[in-house]
Amino acid sequence: MTKYILFAWLFIGFHVMISAQETYTITGSVVDANTLAPISGATIVGKYKHAISSFNGDFRMENVPKGVYTFEISHIGYAPKQFVIEVNRNISDYTVRLKETITNLEEVEILGKSDKRQAQELSTISVGVNKEFLQINRENSLMQTLKKIPGVSTITIGSGQSKPVIRGLGFNRVSVVQNGIKHEAQQWGNDHGLEIDQYGIENIQIIKGPASLLYGSDAIAGVVDIQSPKIPMPNSFNGEVNLLGETNNDLLGISTGIQGRKEHWFYRGRLTYRDYGDYKVPTDKIYYEGYIFDLYENHLRNTAGMEANASFSIGFVTENLKSETFFSNVNAKNGFFANAHGLEVRNSSIDYDSSDRDIDLPFHKVNHFKITNNTTLYQGLHTIQIDLGYQNNQREEHSEPVPHGYMPTPPNSKERVFTKNTYSLNIKDTFKPNPKHDIVFGINTEYQNNNIGGWGFLIPAYDRYTAGAFVFDHFKINKNLHLQGGLRYDAGLMRTKSYTDWFQSVVNNPDGTTSNVFLQRARDKDLEFGNLSGSLGLSYLHKNTTYKVNVGKSFRMPLANELASDGVNYHMYRYERGRTDLDPEQSYQIDLDIDHSNSLFEFGVSPFFNYFENYIYLNPTSNYYETLQIYEYTQSEVIRFGGEARIGTNISNDLRLDASLEYVYSRQTSGPKKDFTLPFNPPLSTLLSANYQFKNVFFLTAPNLAAEYRITAAQNDIVPPEEKTEGFQVLNLSAMAGIKMFKTVQPLQLRVKLNNVFNTEYYDHTSFYRLIDVPEPGRNLSISMTVPF
């Protein structure tokens, strides 16, 4: 507790600073040159003074001495602008109009390229995704939608669930942040998806590489930062209806969102519902564990599901304050391919082929409720951000109740139940003492309470406390050379709770006799962790080329399953055992980025090198518990390197070609799996795409046709129990156009996509079902429409 109080006092101490005598005052506003909409967060920088526009676009500079000054105004996505002003009196209502300027790679804005005088100055390797990209590339889950981005892949769990992987690392090594609060669920599980509604999202920033400095533990591989939508215009109301249908799994979906604002108060709301059946694969048989399973009409039985989501927010904005409280609830139920959940269920009397839309055993039910509040205060040279969050994650995992070993037939189908409550507080102060420095101070605190239920024990109940403090500085050495660096310290406590089996097992006594006992699987134990992390980066802009280098150290606290699991995972048909002597993971990484653009083409390359001194993984041993192989968590040194390359060119005003390449190499250099790779390591892959923009045709506005051809190499570099995966090629086609119904109304947006055009049978090495030899979904036609109002 002393550590956490110390963090708070250190943070408060940074704010005992500056005041000066007033001379003259300049007030004004920054607006979009085309729409006259206010631009928030624009930077106004002069020789002695600077300001940041508020959420109303207003800015204010006080204590300006008499004289003639040149100010530069910049904002990501807009061309910078200079103005000269003579100050000999108070100046008010000065309006600056910025023109939008964005360089797109098929609607993916590469941060550090889209604004030539501001975002390029950042040394981190990141990608920005806008609303248009999300709409055009919409798939069955958020991470499947983002899979097109080089360096980003997914662990897919059927057709409706997935989890993020950045440069070959996933699970709790990638932080997912929404509205400033880290999303906390049961992300350690192989078959646990991401409980976030992908509709209504306008902007996502993906950071590739260590990001523990600003985001804390679990950001050791990168961050998916889902940022808050823009505030609605004053005295406005609008909304949209999104409709979606798919043929492969007979999906039907609808999502409706509205938003409005008076002068200072604003609100948003959204309802989403999706229902889908068993998806089809390009085969009629599955071979697994020596068994052959016939698939009725190519349906992967019991993979149907549904999702019902609701969200609402209310906010208040003035010149110096912006605050929004966000409520959301995601509810989902999805089935699993029955023949893969343990051997005993193969004797089930359930008729899985009676319907392709019912959800039989085994299935998961999850409900994720979230409340967040984001408040920003503008106080002179300080911008203070406060994020508060509460999350409740309720997950039920149902399986057929069958006896196993000494465990008798369970009383119901609730194999495992997890109830997790998470409380979060983040405070950050952005301070610009002079035009050369942007300094950020911050603290992050989090408390997790996780309880368990059901007849199948895997991990114990636990409490987890974490707190961290950091400082970060962006130093402008000169106009084209920028240095960023920072340090962070984190402390954490994991408190596991005891657990005893609900049934008796037979154990051997030292005297040769046997006893029936209730085995204790977990004990009350406190484990403390602490770590210092940091980063240092440099960016250099030279004509049409940007050079970046960033060196970082990140860490990750061990999870409850890694420390204290001791039970049968029937979903994977193995016995898993944790170790309480695991150390926090330590990761060191260097990232480079070179990006060049001219009138003919754009080119970029982003290599990286990564070293783990104690990577944690689940290792299959030669020991068995009853009939199940024992997997035990252990640690080893790991080296990883790879990167992404990209190139694009406009062949004409109508035709654009793009290509990207991604590769990750991993090798364990110590431990029981020395000289093996890491699990779920993605193979070499390239994506070729062509985009043709037609002129308006009849009632269709801006019709567009796109083709994507993904070529993925074989993955022969594996670690047991993985199997080698053959390479594949898949072609996807898409078309979209606006439909102008009325002159005064925005056009409807119609999108048609055809994935896996040739119904290719192929395997994705990072898919959850790859371990049981299930191919990826077959041909799928999807039609979606967005109706604005």
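Caption draft 1: Expanded view of the overall build of the chain. Looking only at helices and strands, the chain has five helices and 46 strands in total. On C-alpha atoms alone, the chain measures out to a radius of gyration of 27 Å, which is about the 28 Å that the 2.2 N^0.38 rule sets for 789 residues. Counting only C-alpha atoms, the chain reaches 100 × 70 × 50 Å along its principal axes. Taken across its 789 residues, the chain has 56% of its residues classed as buried. Considering only contacts in the chain between residues 6 or more positions apart, those separated by 24 or more positions represent 65%. A total of about 33,200 Å² of accessible surface is found on the chain, and carbon and sulfur atoms cover 57% of it. Between the centroid of the 74 positive side chains of the chain and the centroid of its 85 negative side chains there is a distance of 7 Å.

Caption draft 2: Representation of the pattern of salt bridges in the model. Applying the stated rule across the entire model yields 41 salt bridges. Measuring nitrogen to oxygen at the nearest pair gives 3.3 Å for the salt bridge that ties arginine 301 to aspartate 353. Residue arginine 301 is located in the loop between β21 (291-294) and β22 (305-317), and its partner aspartate 353 is located in the loop between β23 (321-335) and β24 (363-379); the two are separated by 52 residues in the primary sequence. Residue classification places arginine 301 among the buried positions, given a relative accessible area of 9%. A salt bridge links lysine 322 to glutamate 324, with the nearest nitrogen and oxygen atoms 3.7 Å apart. You'll find lysine 322 and glutamate 324 in the same group, each marked buried.

Caption draft 3: Structural view of the pairing of strand β19 (residues 265-276). With 10 bridges connecting them, strand β18 (residues 252-261) and β19 associate as antiparallel partners. What sits directly across from glycine 253, in β19, is arginine 274. Here 12 bridges tie β19 to β22, and the two strands are oriented antiparallel to one another. Note that in β22 the partner of aspartate 275 across the bridge is methionine 306.

Caption draft 4: Spotlight on the confidence of the model for the chain. Confidence in the prediction of the chain, expressed as mean pLDDT, is 88, and 92% of residues score 70 or more. Overall, residues 1-21 carries pLDDT values under 50, and its contacts beyond four positions in sequence, including any with other chains, amount to 25 contacts. This stretch, residues 102-117, has a pLDDT under 50; its non-local contacts, to residues over four places away or in other chains, come to 52 contacts.

Caption draft 5: Quick look at the sheet that holds strand β6 (residues 78-87). Taken in spatial order, the four strands of this open sheet run β3-β2-β5-β6, and their pairing is antiparallel. Because the sheet does not close on itself, it has two edges, and the strands there are β3 (50-52) and β6. Sheet twist, expressed as the mean angle between neighbouring strand axes with direction ignored, is 15°. Examined bridge by bridge, strand β5 (residues 67-75) and β6 share eight bridges and lie antiparallel to one another. Bridging across to β6, valine 68 finds its partner in glutamate 86.

Caption draft 6: Here's a closer look at the nonpolar core. Within the largest apolar cluster, 27 residues are counted, with the highest numbers of intra-cluster contacts made by Val129, Leu142, Leu146 and Ile204. Elements with a contribution of two residues or more to this core: β9 (126-130), α2 (131-136), α3 (142-145), β13 (174-178), β15 (203-208), β16 (222-227) and β39 (601-625). The element contributing the most residues to this core is β39, with three residues.

Caption draft 7: Just a nonpolar patch on the surface, in detail. On the surface, Phe237, Ile258, Trp265, Tyr267, Phe312, Ile314, Phe327 and Phe789 cluster together to form a nonpolar patch covering roughly 770 Å² of accessible area. Secondary structure elements with two or more residues in the nonpolar patch: β19 and β22. Its location among the elements puts phenylalanine 327 in strand β23.

Caption draft 8: Structural context of the side chain of asparagine 242. Within the secondary structure layout, asparagine 242 lies in strand β17 (residues 236-246). On the accessibility criterion, asparagine 242 (3% relative accessible area) is buried. Non-local contacts of asparagine 242, meaning those with residues more than four positions away in its chain, are made with Tyr199, Gly253, Ile254, Ser255, Arg270, Met785 and Thr786.

Caption draft 9: Layout of the sheet that holds strand β7 (residues 91-98). Across the sheet, which stays open at both edges, the three strands sit in the order β4-β1-β7 with mixed pairing between neighbours. Unpaired on one side and paired on the other, β4 (58-64) and β7 mark the two borders of the sheet. Between one strand and the next, the sheet's axes are offset by a mean angle of 25°, whatever the strand orientation. Looking at chain direction, strand β1 (residues 24-32) and β4 are connected through five bridges and run antiparallel. Within β4, the position partnered with threonine 27 by the bridge is arginine 60.

Each value, and the rule that gives it
Residues numbered from 1 in each chain as written. Predicted model: local features only at pLDDT ≥ 70, side-chain atom pairs only at ≥ 80, totals over all residues. Heavy atoms only, no water. Helix = DSSP H or I, 4+ residues; strand = E, 2+ residues; numbered from the N terminus. Rg over C-alpha atoms; globule rule 2.2 N^0.38 Å. Buried < 20%, exposed > 50% of the residue type's maximum accessible area, 1.4 Å probe, protein only. Contact = heavy atoms within 4.5 Å. Areas by Shrake-Rupley, 256 points an atom, 1.4 Å probe, with all protein chains shown as cover. Lys, Arg positive; Asp, Glu negative; His and termini not counted. Charge placed at Lys NZ, Arg CZ, Asp CG, Glu CD. Salt bridge = Lys/Arg side-chain N within 4 Å of Asp/Glu carboxyl O. Pairing = 2+ DSSP bridges. pLDDT = per-residue confidence, 0-100. Axes fitted to C-alpha atoms, helices over the stretch in contact; angles between N-to-C directions. Core = buried A, V, L, I, M, F, W, Y, C linked by side-chain atoms within 4.5 Å. Patch = residues over 30% accessible without salt bridge, like charges linked within 9 Å, V, L, I, M, F, W, Y side chains within 5 Å.

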